[in-house]
Structure formats: structure tokens, C-alpha cells
Amino acid sequence: MGVARFMAEAHVLLWIVPAISAVLLSGLGARLGNRWLNALALAGNGWTCLQALLAGVYFLYGPADGVGHPVIWSWMTLEPFGLVFNLDGTGAWAIVALAGVTLAAQLHAAASVGRLAGRHRFAALMQIGLASGAMLACAGSPLVMLVGWEGQALAAAFLAGFWEPEAGGGRTGMRWLLFQRLSGLLLMLGLFTLGVEEDLGLGLILAAAAVRAGQVPFHGWLPDIGRVPVPAGALLHGAWSSLPAVLLLVRIAPWVESSPWAVQAVVVVGLAGVLLGALAALQQPVAAKALGWLFVLHGGLAFLGLAFGDPVAALLLASGQAVALGGMTLAAGVLTDPLAGLGAVLGLPARFRGRLVFGLVCTLSLLPPGLTFLGFGRLLAAAPQGTLGKLALAAVLVAGVATGWVAQRVVRSLGAEPADEGLPVQRGLAFGPWLLAAAAPACGALVLWLNGPAAAGGEQAWPLALLGSGAALAGAGLGWLVGRGRRRVLPERLAQTQLVTQWLADTGLGLGAAVVQVSVVTARALGVIVWRVLGEWIMDGLVVATAYRTVQGIGMALRGLQNGNVHRYMLVITAAALGLVLWMLR
Amino acid sequence: MTTPQALLLSLPCVPVAGALVAGLLPARRGRAIRAVGWTASLAALAVWVWLRAVVEAGPGPWVSLQAPWVPAFGISVHLALDGTGVLMSGLVAAVAVAAAVATLPFEPGLSRVHVVSLLLAEAGMLGLVAAWDLILFVTFWEVTLIPFYFLMGRGPRAGAAAATRFVVTSVTSSVLMWVGLLWAVRLAGGTPTFDLIELSARLAIQPEVPGSLVLLLSVACLVRMAALPLHTWLTVAVADVPTAAAMLLAGGVLPLGGFGLVHVVGRLCGPDLGGVGDWFMWLGLATATGGGLAALVQRDLKRLLAFVCLAQVGLASAGLAMPSEAARAGGLHLLVAAGLGGAALFLFAGVVCQARGSQRLVDLAGLWASHPFFAGMAFAAVASAAAVPGTAGFVGAAQVLQGTGGGWLGVAMLALALLCPGVAVVWAYRRVVGGSYQGDVWSAERWPRKRQAVVLAVLALAILATGLFPALVSPGTGQGSTAVASADTRGQAGEGTP
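Residues numbered from 1 in each chain as written. Chains lettered and ligands numbered in written order. Predicted model: local features only at pLDDT ≥ 70, side-chain atom pairs only at ≥ 80, totals over all residues.

### Some remarks on the overall build of chain B
Put simply, the rule reads: Labels follow the DSSP assignment, with helices taken as runs of H or I lasting at least four residues and strands as runs of E lasting at least two, numbered in each case from the N terminus. Using C-beta atoms placed from the backbone, we call a residue buried if 20 or more other C-beta atoms fall within 10 Å of its own, exposed if 12 or fewer do, and partly exposed for counts in between. Placing C-beta atoms from the backbone, we regard two residues as in contact once those atoms come within 7 Å.
Summing up its helical and strand segments, chain B has 21 helices and 2 strands in all. Considering chain B as a whole, with its 498 residues, one finds that 66% of them fall into the buried category. Here the contacts in chain B between residues at least 6 apart in sequence split such that 81% fall between residues at least 24 apart.

Printed below as a string of C-alpha cells:
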């Protein structure tokens, strides 16, 4: 317990260690061999994960007796820009999930991009994102929260386009950056107005969280998420997006619960995310896009948990999403790494491992005692009676069916790819997905062991949660059946259904794209108006040029007067005027 | 004369002495001329540090020195520094040192005129900050133009045209300032005086300050700040002039336009700027928003950075025009952030564009792969321009945000003003540092020297320090701006004057 207490009290190390690791990686990484470089990167991750885990144990069994035991370490208190760090059980749990997924992504990166120039900076950026996330979880003041929020967003933007700044991942990174700048600004505006105008501030913070979590209609960056490097994609699929957003909402949960309209808004956003995510995910032929829509779906579920007044459910669902979708992205990336020529594995053994791990990650998170399973239980236990309760149950079932269906389809699509037996098998690529596949049930079991059945909403909620698990299995089976017998089982009706769902999914995608395109086109048009029309045409071309020509004209007239030329002009003009007058009089 | 008074007098005189020495040296001794250039600018910074150490903060001028010049017309040599003045003079001295140390040894075809101009421009700006007599103030306001004309006229492209445009625009602002000041003196009545404290005390008892007077004085300052729609000189000037001139323009001239707004207009017309403060707040917000939007469509690195600086200074002017104390403190903080960040950004852009031989963003890539330290240090300035928390830009923007009284429209414009330049500058930075290494086109001998990287690192540290420790900037300026803005405090300021 002494060690655990030290870990809880020295919580600043949670972000200092990865930050130091990032500095060392960036400064010395080019001179280090792969082995030392990986060791340095994994040390930052491993330390953070271990320390957060031990701190969590202390918060559970320490003097505070299971209740969050805040430890405040204040560096400089100058309102409102004080740097105050504060760790509690919620923050510790979020950091464990964050560091775990980042560790798995780091393991994958060590194998997939370990031979590329600049790999040490790639690893350093992952460490910066981890440090920022840990800072966000330890935030005790608005400034620290904003630093963590923006730091992680910037690190992800640079990671996304690390090797392709202009195309592919670079474009996704720019979209992400655009959305996350908006999110950061909304958060800043919200934090500063929360004390003055509570409703306005709360609305802005909710919008910031929705943008970060890619919820409808702020999901415009999702369609391209498959273009980014696989480790970055694994992080964007929850650990660096939904998890921080849910953590933010957990921090402001008292304000949300005391405001009926805010609760309704979160319910609407959550249900829209579940519905649209499920419909769109079912229609995607590309694995990466399908995973992106599952991300919206599970993020929506986490939002529902918060709306029902159970932050633990939201946190469990967000953690489960980060672990499951991160693992699925890594597992699918074993076979479909978008970065061509980076040593991605297409050999048969790797494919076999990839399919296996993909299925494991997906199912183990949804089956007991996976984290998502526990989240299902708590969500359904917290849901109020009546319409909302039924909607929550429907959402869980939809989520289960859609996840199982998509997982099955992705595995089948991976298996249908042409084999390239000639490429060598890259060792180590499967470590990350395996780690997360093991982590999903292990963490769930640990939570159950520490907290008992109450961790999953109590014994009454278990059957309902099992319904969600059953729905996942049913979805997988249904997908398999439909996939096998597409031309024999209800072909016309299925085709009609697919048309409708495809239209809905496209509408969702179009909505997301429209939000991006309209904003960008409007901003560019206004920019051109300011730059060209106002600056160059009106001010330079009209105002300045008119003034210049006026002065020039006066000068020329004066010069003409001085030279005597004007006399001749005047003589001609006078003669012409006299002639005109005489002609008129005649 | 006490030590602080001697140091105050030395502040503008040291660069002038350096300029004299450099001007007397034979033109062929380029190395000695350069050494004089950066030694004199470093000496001015050392004088400022010494002065900052010996003066005591107070509600009025921290240090003051006054001697009669033309008593019949009430003109005197009145030099003084309050909290705002100390801060701005430190900014000018630091930016001048950065420009001298980072660029003088590497300027192609360096001439004696260049060094002399740089030092005289620094002296003019330092004198402008310290001038508490309005004739002296306008004299420095105009004197600064001449060295800038010669400094800018040696640009890589159309530097002479840019210099001419800058001078013509600045002369226009000077004319407006002259007319406004003469009107203010006439309005104050009594024995003619140009002393700022005396004049502001007389105007404070007037029932009303005419809006036209405020307009004349403010527009003169806004021209220097390149507020919309008077911004066209800036985007041309910084794109076509040498790096040192661009650094001084972004780090000195633009913030000093804001300083003029506080120092002269705020004192003479009161904290609400004669009742038209709201108009200037909206103009500042429009400048910030317009600058950010225009930055988004630029494909020339320096022009893009010019619009980003414009947006930041516009936001600062909006903060300075707001009635809230927090917003005014934020405006001053943003001026410092814009000064430090602008100097760092134009140093970065100058080095990169000089090495590549192009300013177009499509031609620039791969800096991260070859020079990670230089690229990394520039990120602090980029982050500050994007108002990323932990940097100076964030603190100023947050304080302005706290004091925003513009309702939904104001908050929306503020959000746009922060979003657009942030996205533009991060996008441009990523294009320059990312991508493949262009080893075949980057000339090895034109790459940044260690000295330039060190200067950029120092500027980056200053940006982070003022962001993480706002107290380094806030307390002095807070008291200073309070003294500036409050009519009640004018009397106290007068009592503190010897």
C-alpha cells in the first residue's frame, strides 16, 4: 500500500515521464538502435500504465475507503491560469485505458514503421499525446485541462499525416485538426463562461465533447480515418477521442445532471450516434470505414451512460470502446496497412493471426467479463423506466448486432483478399492486438473482482447485459448467414432494406462532409473577400490609387501651368467654348 | 540625476551611439560594423534589464525625467516609463537584439546603412515608448520611419516599393496624429502644454471629449497596427523586406501601434475612448477575423504569417478597446505575444525562404527531417499564434475572452478570430516541416546557423515563459494600464512626476 500511496501522491509523474520520454526520443532517437528506441518508448507507456494502475488501487483501498481521494499538487496558483493537478479514481482509470491502448499502438509501430526514417519522432509524438492525455485526466484547473485537450489533438494531427503531409493521412489530419481546433475553442469558451452564464457554458462544453468524440453532426473527419498510419488510427478510434470527451463530460456531470435540457441534448446526441453509426457501419464495404462508424456507435452509447446519470457506465463504455476498436484497428491493420511499402504483412500466417485476433478483440470486449459488457450492464441499470429505458435496451441490442455483424464482415473481407505469399512475415505486428484482446476481459475481470457484481449494474442488470452479448453473437451469425446466402435468402427485400440503410448512411456521411465543406468554402470565400476585394481592389485599387491619381493629376496640372503648356490648352479650350456659344446663339 | 533616470535616458541613446560608431566606420569593415550592431542592441537590452531591476513598481510612472525644451510653447523633454512602458520597451529591446544577432551576420551584401538603420529604428521605438511629451512622442513616431525606409528598401523582391508604401501610410498616420494632438491642446485650453499628464488632467475635467478627436488619434494608431481596412501596407511590406525589417515590423511597429492607443488615446480620452470604445472593439474583432480568414487562402508563407500577425494584433486592439480591466490586460498580453511570436515567425520564415530561395508554400518541405531543433523551436511561436494553452497567445486570448461584452456575435467573432489563424498557421507549419527532405534543393551553406537557432530558442522560451507564468507580464502592465485608463489615477501619476 505504501508504494500505491506514493504512486497516487506523485501523480505528476504520470505526464512527466512520457514527456521526458518524448524529449529523449526526439533528441536522441536518431542515434539509437531500434531496440533501445523501442525500450525508451515502451518505458514511458509502461510506467504510466503501471503507476495509474497502482494509484487506482490506492484510491479503492486507501484511507478514503473506496471514494476518490484527490491529491492536489499546485505549482502556481494564479486564477484563472493556475497549474493545478489533481488525480482521483476516475482519472486513474482513464489513464490506465489510455496508456494501455497507446502501449499496444507503440508495439505495433515498433514493428510496422520501425524501419522508416523519422520513426523516433513518430514515437515521440505518441508519447506527447499520452502525456497530454494524462495531463487532461489529472487536470485540476481549466488551464491544465486545455493544455491536455489541445496537446493530444495536435499530436494526433501530426501523427495522422506524419509520412504523407499533403495526401491521404495528411488530409485526414487536417480535417481532424480543423475539428479539434473548433473543439478546443468551444471548450475554452465554455470553461470561461460556465461561471457567468451556466447554460451557455454548458452547451459549449457539450459541443466540444461531441466534436472530440466525432458524434453527429461533427463526424466529418471519420470517413478518411482509414488512411492514417495504423497505430495512429488505433489511437484515434477511441483512446484519444472518445475517452477524453467522456472524461470531460464526467468532470462536468454535476452541471449536466442539474440541467434538464443538457440531459436531453446528451440523450439525443447519444441515440443519434447509435442509430446512425449502426446503419452506416452495416453498409461499409471497407473495413476501416466500418470501424469508424462503430466508433460513432459506441461513443453514442457512452454519451447515453452519462445522460442516465452513471458516469462509471460512460467511462466503462468509453474504455471498452478504446480497447476493442483500438485492437480491431491494429488487427485489421496487420492485413490492410494503408502505407504501402512499409513492411506490412500480407503473408498467410499473419492473416491467420490477424483474423483470429480481430475476432477475439471484438467478442471479448462484448462478452462477459469484457469492459463493454460491464458498460452495457451499468447503462441498462441506470436507464430510467419507461420510454428511455426501452430506448436504452434497443440501443444496446443495436450496438451488439451491429458490432457482431461488422466484425464478421470485416473478417470475411480480410480473408477474401488476394494472398501475397512472397512477402516476409514481420514479427511483432500481432503483439498489440493480442495485448488488447487480453486486456479487454482481464480489465473487466479485475473490475468485477474489485467491486463485485455492482460493477456491472448489479445482478438484475446481468441478464440484460447478456442480451447485448447475445445480440453481438446473433449479429455475427446473421451476418455470416446473409453473407453466405445473399443470393438465396430474401434477395429483393434485403436489397430494398440495403437501399434504405445505404441512403441513411450516405445522408450521415453527407451531413458530416457538408459541415466540413460548407465551413471551409465559406471561410475561404470570406478570406478572398477580405484579401482580394477589400484589400487589393477597394483599398489599394480604389482608395489608394484614386488618391495617388488625384495627387498625380494636380501635380501634372501644376507642371503644365509652370511649363506654359496650359496656356495653349486654355487658348484652345476658350476658342472652342466661344465657337460653341456662337453656334448655339446662331 | 538618479541611476534609474540615467538608465532611462540611456535607453534610446545607446542604440543612437551605436549607430554613430557604425556610421563612422569605413564601409569595407563589414565585420566590425556587424559587431557594433549587435553589441549596441545587446547593450540597450542590458540597460533595460538594469533599469527593470532598479525601478520600483507603482501606480504612476516608475521612473521619470523632465527638462524644458521650448517653454514658450509648453514643450519639454519628458521621458518616463510606467508598467506598460517598461513592458513594451523590454519587448522592443528584445526583438531588436533578436533581429540584430540572428540576421546581421548572415544578411547578403550587408551595408553600413543597414546596421545604422536598424539601430536608429530601435532607438526611435524606444524613445517613442518613453516619450511623455506629445511633441516628443510624435517626433519619435515620425523619426522611426526614416531608418525603416532604408532598412526595408533592400528587400529580396520589391522592397523599395514596400518601403515607400509603408512610409506613405505612416506619414498619413502622423498627419492624423498631429492634427489630433493640436486639437487636443486647443480643447484643453489655458497655457499651451504638450505634457501628457497635464493635458490628460485638463481634458479629464472637460464635460465631453469630441468623438472626432478620438477618431483622429485612434485612426493614427490603427494605421500603425494595420487594422482593417488599413492593413494593405503590412502584407506587402513583410513579404518583400529583409528578415530583420520584417522582425522589427511584426515585433515592434505593430505592438507599438497598440501602445499608442493605450498611451495617448487612453490617457487623453479616458478608458472608454471617449464613448466610442465599442466601435473600436468591433473593428478589432473584424480585423482579427478578417486577418484569420485571409490567412486561410494564402499560398505565400510570409504573406500568410503577415495575416496571422494582423489577426493577433487585431484581437489585441479589441481587448484594449473593451471596458473590462481583464480584457485590457489581455490586450497588452496579446501585444507582447504578437511581438515575440511575430519576430520568431518571421525569423523562421526568413531563414527557411532564404535557404530555399522561394516563399511559396509548395516549394517548402522537409525541414523537420533535416533541422528538427530549428523546426521544433518555431513551433512555440506557431502554438502562440494558434492560442494553444501554455503559450503567451493563449493567456492574452483568454483574458480578452473573459472581458468580452459583445454577446453572441462577439463571442462568435472571437472564436472565428482564434480558429482561422490557428488553423492557417499550423497548416503552413506542417507543410514546411513535414514531407520529404529536399536535400537536393536546400542549399547547405544557406541553412540556419547555430546562432539563428539559438535566437529562435530564446524567443520560444520567452513565449512559453510568458504563457506559463503570466505574472511575468501581468502585474506591471495591470497597474500600468489601470493608471493609464483611469482618470482618477491621472492625478496620482502627476504627483509622482518630479
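### Considering the overall build of chain A
When its secondary structure is counted, chain A shows 21 helices and 2 strands. Here chain A holds 586 residues, and 55% of them are scored as buried. The long-range share in chain A, meaning contacts at least 24 apart out of those at least 6 apart in sequence, stands at 80%.

### With respect to the nonpolar core
Note the threshold: For this analysis, nonpolar core means a set of buried Ala, Val, Leu, Ile, Met, Phe, Trp, Tyr and Cys residues linked through C-beta atoms within 7 Å. Throughout the structure description, domain borders are defined by an automatic or database domain assignment.
Within the largest apolar cluster, 401 residues are counted, with the highest numbers of intra-cluster contacts made by L379 of chain A together with A98 and A344 of chain B. A total of 20 residues in this core trace back to one element, the largest contributor, which is helix α14 (residues 325–356) of chain B. Shared between two domains, this core takes at least three residues from each, and those domains are domain 1 (2–489) and domain 2 (493–585) of chain A. Excluding residues that lie within four positions of it along the chain, A344 of chain B makes contacts with A378, A381, L456, L459, A460 and I463 of chain B.

### Considerations on unusual backbone geometry
At the junction of P368 of chain A and P369 of chain A, the peptide bond is cis and its omega measures out at 0° in the coordinates. Geometrically, the link from L228 of chain B to P229 of chain B is a cis peptide bond, its omega value of 0° lying close to zero. Among the structural elements, P229 of chain B can be located in the loop between α9 (211–224) and α10 (232–240). Backbone geometry places A226 of chain B, a non-glycine residue, at a positive phi of 60°. Residue placement: A226 of chain B occurs in the loop between α9 and α10.

### Some points on the interface of chain A and chain B
Contact with chain A, which involves 34 residues of that partner, is made by 33 residues of chain B. Mapped by element, the contributors of at least two residues to the side of chain A that touches chain B are α6 (142–160), α7 (169–193) and α20 (491–563) of chain A.

### Here's the deal with the pairing of strand β1 (residues 63–70) of chain B
Residues and elements named next belong to chain B. Here is the rule we go by: Paired strands are those between which DSSP finds at least two bridges.
Here 7 bridges tie β1 to strand β2 (residues 75–81), and the two strands are oriented antiparallel to one another. Bridge pairing in β2 links A67 to V77. A loop of 4 residues connects β1 with β2, the two strands running antiparallel in sequence, and G74 in this loop sits at a positive phi of about 70°.

### Focus on the confidence of the model for chain A
Residues and elements named next belong to chain A. As a reminder, the rule being used: The predictor reports its confidence for every residue as pLDDT, a score running from 0 up to 100.
Summary statistics for chain A give a mean pLDDT of 77 and a share of 79% for residues scoring 70 or more. Confidence over residues 74–78 falls short of pLDDT 50; this stretch has 10 contacts with residues more than four positions distant or in other chains. Ignoring residues within four places in sequence, the model shows residues 487–491, a span with pLDDT below 50, making 1 contact including any to other chains.

### Observations concerning helix α19 (residues 450–468) of chain B
Cut-off, in case you're wondering: Under the convention used throughout, the expected extent of a helix is 1.5 Å for every residue step, that is, one less than its residue count.
Under the 1.5 Å per step criterion, the end-to-end length of α19 of chain B is 26 Å for 19 residues, consistent within 8% with the ideal 27 Å. Summarising the contacts, the buried residues of α19 of chain B are in contact with α3 (83–103), α14, α16 (372–385) and α17 (392–403) of chain B.

### Focus on the environment of L177 of chain A
Relative to the elements of secondary structure, L177 of chain A occurs in helix α7. As for L177 of chain A and A117 of chain A, which are separated by 60 residues in sequence, their C-alpha atoms are 24 Å apart. Discounting chain neighbours no more than four positions away, the residues touching L177 of chain A are A157 of chain A together with V423 and V426 of chain B.

### Quick look at the environment of Y429 of chain B
Residue and element names in this part refer to chain B. With respect to the helices, strands and loops of the structure, Y429 is situated in helix α18 (residues 407–433). Under the C-beta neighbour-count criterion, Y429 is labelled buried, with 25 such atoms within 10 Å. Each residue touching Y429, except ones within four places of it in the same chain, is listed here: A378, F379 and V382.

### Here we look at the packing of helix α2 (residues 13–28) of chain A against helix α5 (residues 119–137) of chain A
Residues and elements named next belong to chain A. Quick reminder of the rule: To get an axis, fit a line to the C-alpha atoms, keeping to the stretch in contact for a helix; angles then go from 0 to 180 degrees between the N-to-C directions. These descriptions rest on fixed angle ranges, namely under 35 degrees for roughly parallel, over 145 for roughly antiparallel, 65 to 115 for roughly perpendicular, and the rest for oblique. Handedness of a crossing follows from how the near helix is turned relative to the far one, being left-handed for an anticlockwise turn of less than a right angle and right-handed for a clockwise one. Amino acid classes used here: Ala, Val, Leu, Ile, Met, Phe, Trp, Tyr, Cys and Pro are nonpolar; Asp, Glu, Lys and Arg are charged; the rest, including Gly, are polar.
At a closest axis distance of 8 Å, the pairing of α2 and α5 adopts a crossing angle of 165°. When the axis of α2 is compared with that of α5, the two are roughly antiparallel. The interaxial crossing formed by α2 with α5 has left-handed handedness. For the pair α2 and α5, the contacting residues are L14, W15, P18, A19, S21, A22, L25 and S26 in the first and H120, R121, A123, A124, Q127, I128, L130, A131, A134 and M135 in the second. Residues of the contact of α2 with α5, tallied by class, amount to 13 nonpolar, 4 polar and 1 charged.

### Things to note about the packing of α17 of chain B against α19 of chain B
All names here are of chain B. Where α17 contacts α19, the two axes come as close as 6 Å, and the packing angle between them is 35°. Of the residues in α19, those touching α17 at A392, F394 and V395 are I463, T466 and G467. Looking at the contact of α17 with α19 residue by residue, the class counts come to 4 nonpolar, 2 polar and no charged.

### Let's talk about the confidence of the model for chain B
Residue and element names in this part refer to chain B. Of the residues in chain B, 89% reach a pLDDT of 70 or more, and the chain-wide mean stands at 82. Considering each helix and strand of chain B separately, the mean pLDDT is smallest for helix α21 (residues 487–495), with a value of 37, and largest for helix α1 (residues 3–24), with 92. The low-confidence segment residues 477–498, where pLDDT is below 50, has 58 contacts with residues more than four positions distant or belonging to other chains. The ipTM value of the predicted complex is 0.72, and its pTM value is 0.76.

### Some remarks on the environment of I463 of chain B
Residues and elements named next belong to chain B. Of note, I463 is situated in helix α19. For the pair I463 and T391, spaced 72 residues apart in sequence, the C-alpha separation works out to 5.8 Å. For I463, the residues in contact, after removing those within four places along its chain, are L340, G341, A344, A380, A381, S384, T391 and A392.

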